[in-house]
Each structure stands twice: as C-alpha cells, then as structure tokens.
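Architecture at a glance
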Amino acid sequence: MDARLVLFFGFFIFVHSEYVNRKSCKDVNPTKCSIHSVKLDPCPDGPAFCLLRRNKPYSLAFDFTPRFEASKLMLSIFSDNKNSTLFDTMVTPPVDACQYFSCPLEDNVRQVIDIDFVYEKKHYGKFPLQVKLWNDEDETEACCFTLNINILK
Ligand SMILES: *[C@@H]1O[C@H](CO)[C@@H](O)[C@H](O)[C@H]1NC(C)=O
C-alpha cells in the first residue's frame, strides 16, 4: 500500500478512537451551551466509555458553543464513583478556565477547550465523570457534560 494511505488510515483510526459519548448534566440548563464533541486522549476502548489508569496523564478536549458571555470562567471535574448521581468526588478542583484560552468567552462563538487531568483517587470500576465550565459571575450559565470511564485495578 502507498505510504500516504497507511498514514491516512492510521490517523483516521487514531482520531476516531478518542471520541467518547457524553450526556448532558441533569442540574444544568442545556440551552446555555451546545456541546458538539468530546475527546479523551488516550481512550482505546471508546466511544461508550474510556479505560483509564490511575495517576496517568489524560487530555480532554471539548468542542462547544456557549450561549452566554463571560470574563471569568471556572472549570472543574467531578466523579460519581459510587454511581449515586451526586458527583461528589473532586477530580480537578475549580480552576480558572481562562488559562486554557483567551477570555472573555464570547456568546455564540464556537470554541475548543483542551485540559489535562490525572485521576489520583483510589476508585475502581465503571462510573461517570462530570466536566463543568461556568461563568463565575452567574453559575446558571454553564457548559456541562458527563462521560463514562472504567478504571481497572
Ligand atoms: C455503576 O453502574 C454501572 C452500570 O450500571 C456498572 O457497570 C458499574 O459496575 C457501577 N460501578 C460501581 C463502581 O458501582
């Protein structure tokens, strides 16, 4: 096969394995933000869930269009390791999201945010992660989604 073709297919498979299915968050107004896609790298078993290893670096990118503007943005990642729908375990404490792109966030402008995280807690099994980005001056303005992960012992 032509080397360029091999490269092309290699790239194709690589890109596709990163996409992961997501759901919107129950307690967040979905009209405030459209999430177009979510990628986790690496995510060898996607797209239904991602197999994660504790203490390894992961990069999460999501493509979205906010229906609000904000000059102060926060981002956090929580996990629901007990499947209780409470998302009460903090994976990444709230951080200033303006370090990931140039703020202010503009209304109706499509953006991609790329963040790195490490899962350090001693939790195992299949459970969801929740990623939330919100306007620090009005918490009802937020982008939020959940995705399933599986952490092996
Ligand atoms: C959470 O629920 C999923 C699907 O219902 C199940 O496969 C998984 O084992 C549960 N995880 C934990 C940690 O209880």
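Higher on the page you've got the structure.
This write-up is about the structure you can find in this document. Please read these numbers as outputs of a predicted model, since none were measured by experiment.

**Quick look at the packing of aromatic side chains**
- Applying the stated criterion across every chain yields a total of four aromatic pairs.
- Geometrically, the ring pair formed by Phe 62 and Phe 64 is tilted, given 5.2 Å between the ring centres and 40° between the ring planes. For the pair Phe 62 and Phe 64, a shared accessibility class is recorded, and that class is buried.
- Through a chain of ring-to-ring contacts, the aromatic side chains of Phe 62, Phe 64 and Phe 145 assemble into a single cluster.
- The ring centre of Trp 134 lies 5.8 Å from the NZ or CZ of Lys 132, which sits over that ring.

**Regarding the sheet that holds strand S4 (residues 57-66)**
- With antiparallel pairing, three strands are arranged side by side in an open sheet as S2-S4-S7. Each having just a single partner strand, strand S2 (33-41) and strand S7 (111-118) make up the two edges of the open sheet. This sheet shows a mean twist of 20° between the axes of neighbouring strands, independent of strand direction.

**Observations concerning unusual backbone geometry**
- Here the residue pair Asp 41 and Pro 42 is connected by a cis peptide bond, since its omega of 0° sits within 30 degrees of zero.
- Note the cis peptide between Cys 103 and Pro 104, where omega equals 5°.
- Relative to the elements of secondary structure, Pro 104 occurs in the loop between strand S6 (89-96) and S7.
- At Asn 55, a residue that is not glycine, the phi angle is positive and equals roughly 60°.
- For Asn 55, a relative accessible area of 47% gives the class partly exposed.
- Look at Asn 108: it is not a glycine, yet its phi comes out positive at around 65°.
- Relative to the helices and strands, Asn 108 resides in the loop between S6 and S7.

Analysis parameters
- Residues numbered from 1 in each chain as written.
- Predicted model: local features only at pLDDT ≥ 70, side-chain atom pairs only at ≥ 80, totals over all residues.
- Heavy atoms only, no water.
- Phe/Tyr/Trp six-rings, centres within 6.5 Å; stacked < 30°, edge-to-face > 60°.
- Buried < 20%, exposed > 50% of the residue type's maximum accessible area, 1.4 Å probe, protein only.
- Lys NZ or Arg CZ within 6 Å of the ring centre and 35° of its normal.
- Pairing = 2+ DSSP bridges.
- Helix = DSSP H or I, 4+ residues; strand = E, 2+ residues; numbered from the N terminus.
- Axes fitted to C-alpha atoms, helices over the stretch in contact; angles between N-to-C directions.

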